[in-house]
Each structure stands twice: as C-alpha cells, then as structure tokens.
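A closer look at the structure
Here's the letter readout for the chains.
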Amino acid sequence: MMTKAESLEKMREKGAYDAQQLQTKAAAGTVTQTEIIDEEIAVPAFDPKKDYSAWPVNSPVSDEGQVWLLIQPHNAANYEGRPSALRALWGLAHTKNPAKAKPFVAPYGTSGMYRKDECILWTDGKVYVSAIENNVYTPEEYPDGWTRFDG
C-alpha cells in the first residue's frame, strides 16, 4: 500500500504530466481555447518569478480567475505585474462553454476580443453569449452584441 507522501507525489507527477500535455497541444494549436478552459485543472498557475522565455507561444497559465495564453515568451521576473496588466505578453482565453464562463475582461486592442458564441459571466451573475464577431463591448454598453444564456 502506498503512503500518503507517495500518493501525493504520484498526484503531483500526474498533474505535471497533464500540464505539459495541455501546453504541447495548445502550442501546436490542436486544442481550442474552450478545450483549454475545460481542462483548466491542468493549467499551471502564473508565477511572477518564472522564466517563460523557453515556453511556446499559446502556452496557458491561470491567474486571477482567468486563463491567459502566452503571446511573447519572456522572463516574468523582469516585468512587474500579472498577465492582466501585461496584455502585450499575455492574451486572454475565452470559452464557448456556458458552464465554464469567465468574468468579462475588456479587450486590449485586438487581443481578447470576444468572438461569436463565446461566453462571459457578467456582473449580474448571468452568462451572456456574444452574438457578434470581435465584440469589445459589455452587455450594458451594447446589449445587441450579447444574448443572455438561459440554458
């Protein structure tokens, strides 16, 4: 029988393996952002002291309740801030799965615009689905750009 320490070590190894597999698929473009968020448990947490220089573009990290995709490899220790404040380095991932909807984050230029059928969790606690491509507006700013999900 395995000890508690051995079991925890096996779980850590499995988690590291799952994270590596997801990173590889994300970098290769063989998974969608929705699939990445669906597997968010395998997404590593952002580490502000980590060197992401050797990470492939599109590798995911989780931070502040969101999933971010690497745009520009870099050493995070050389930059002050988290992905939400470093939008030239990190892009926001979106989901089409209403059950995994994340809070709205304003796009940064063309990065992070909501595509048709991508979901958000709005401040009223409801899920909204983008009715248009390249949506940069909130449900309050442009109600016709969003449809409330009542599923």
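Structural notes, computed from the coordinates. Keep in mind that this is a model prediction, so the values were computed, not measured. (Residues numbered from 1 in each chain as written. Predicted model: local features only at pLDDT ≥ 70, side-chain atom pairs only at ≥ 80, totals over all residues. Heavy atoms only, no water.)

1. Let's talk about the overall build of the protein chain
For the record, the criterion: Runs of E in the DSSP output that reach at least two residues are strands. Runs of H or I that reach at least four are helices, and both are numbered from the N terminus. A simple rule labels every residue: compare its accessible area, found with a 1.4 Å probe on the protein chains alone, to the largest value its type can have, and call it buried under 20%, exposed over 50%, or partly exposed in between. We call two residues in contact whenever any of their non-hydrogen atoms come within 4.5 Å of each other. Accessible areas in this description were obtained via Shrake-Rupley with a 1.4 Å probe; residue shielding takes into account the shown protein chains only. In summary, the charge assignment counts Lys and Arg as positive and Asp and Glu as negative, without counting His or the chain termini. Working definition for charges: the position is that of NZ of Lys, CZ of Arg, CG of Asp or CD of Glu.
A count of helices and strands for the protein chain gives two helices and seven strands. Principal-axis analysis of the C-alpha atoms gives the protein chain an extent of 55 × 40 × 25 Å. Among the 151 residues that make up the protein chain, the fraction classed as buried is 38%. Residue pairs in contact within the protein chain that sit at least 24 positions apart in sequence constitute 32% of those at least 6 positions apart. Looking at the protein chain as shown, the accessible area adds up to about 8,800 Å², and 53% of this sits on carbon and sulfur atoms. Charge separation in the protein chain, taken as the distance between the mean sites of 16 positive and 21 negative side-chain charges, equals 4 Å.

2. Notes on the sheet that holds strand β7 (residues 146-148)
The pairing of strands in a sheet comes from backbone hydrogen bonds and takes either a parallel or an antiparallel form. Note the cut-off: For two strands to count as paired, DSSP must find a minimum of two bridges between them.
Reading across from one edge, β4-β5-β6-β7 is the order of the four strands in this open sheet, with mixed pairing throughout. At either margin of the open sheet sits one strand with a lone partner, and together these are β4 (102-103) and β7. When strand β6 (residues 127-130) meets β7, the two strands line up antiparallel, connected through three bridges. Paired with Ser-130 across the two strands is Trp-146, which belongs to β7.

3. Let's talk about the pairing of β6
Of the two faces of β6, both are covered, the one formed by Val-127 and Val-129 as well as the one formed by Tyr-128 and Ser-130. Between strand β5 (residues 119-121) and β6, which pair antiparallel in sequence order, lie five residues; one of them, Gly-125, sits at a positive phi of approximately 85°.

4. Observations concerning the pairing of strand β1 (residues 60-63)
Where burial is concerned, the two faces of β1 agree: the one with Pro-60 and Ser-62 and the one with Val-61 and Asp-63 are both buried. The pairing of β1 with strand β2 (residues 66-70) spans four bridges and is classified as antiparallel. Paired with Asp-63 across the bridge in β2 is Gln-66. The hairpin turn running from β1 into β2, its antiparallel successor, is two residues long, and Glu-64 in that turn takes a positive phi close to 55°.

5. Structural notes on a nonpolar patch on the surface
Let me state the cut-off plainly: Exposure above 30% relative accessible area and the absence of a salt bridge qualify a residue for a patch, where like charges join within 9 Å and nonpolar side chains (Val, Leu, Ile, Met, Phe, Trp, Tyr) within 5 Å. By convention in these notes, a salt bridge is any Lys or Arg side-chain nitrogen within 4 Å of a carboxyl oxygen on Asp or Glu.
A surface patch of nonpolar side chains, about 250 Å² in accessible area, is lined by Val-136, Tyr-137 and Tyr-142. Tracing the chain through its elements places Tyr-137 in the loop between β6 and β7.

6. Some thoughts on the sheet that holds β1
Worth spelling out the cut-off: Here the axes come from fitting lines to C-alpha atoms, over the contacting stretch only for helices, and the angles between their N-to-C directions go from 0 to 180 degrees.
Overall, antiparallel pairing links the three strands, which are arranged β1-β2-β3 in an open sheet. At either margin of the open sheet sits one strand with a lone partner, and together these are β1 and β3 (90-92). For this sheet, the mean angle separating the axes of adjacent strands, direction not counted, is 40°.

7. What to know about the pattern of salt bridges
For the structure shown, the criterion picks out eight salt bridges. The shortest N-O distance in the salt bridge between Lys-102 and Glu-40 comes to 2.6 Å. With Lys-102 in strand β4 and Glu-40 in the loop between α2 (33-38) and β1, the pair connects residues that are 62 residues apart, well separated along the chain.

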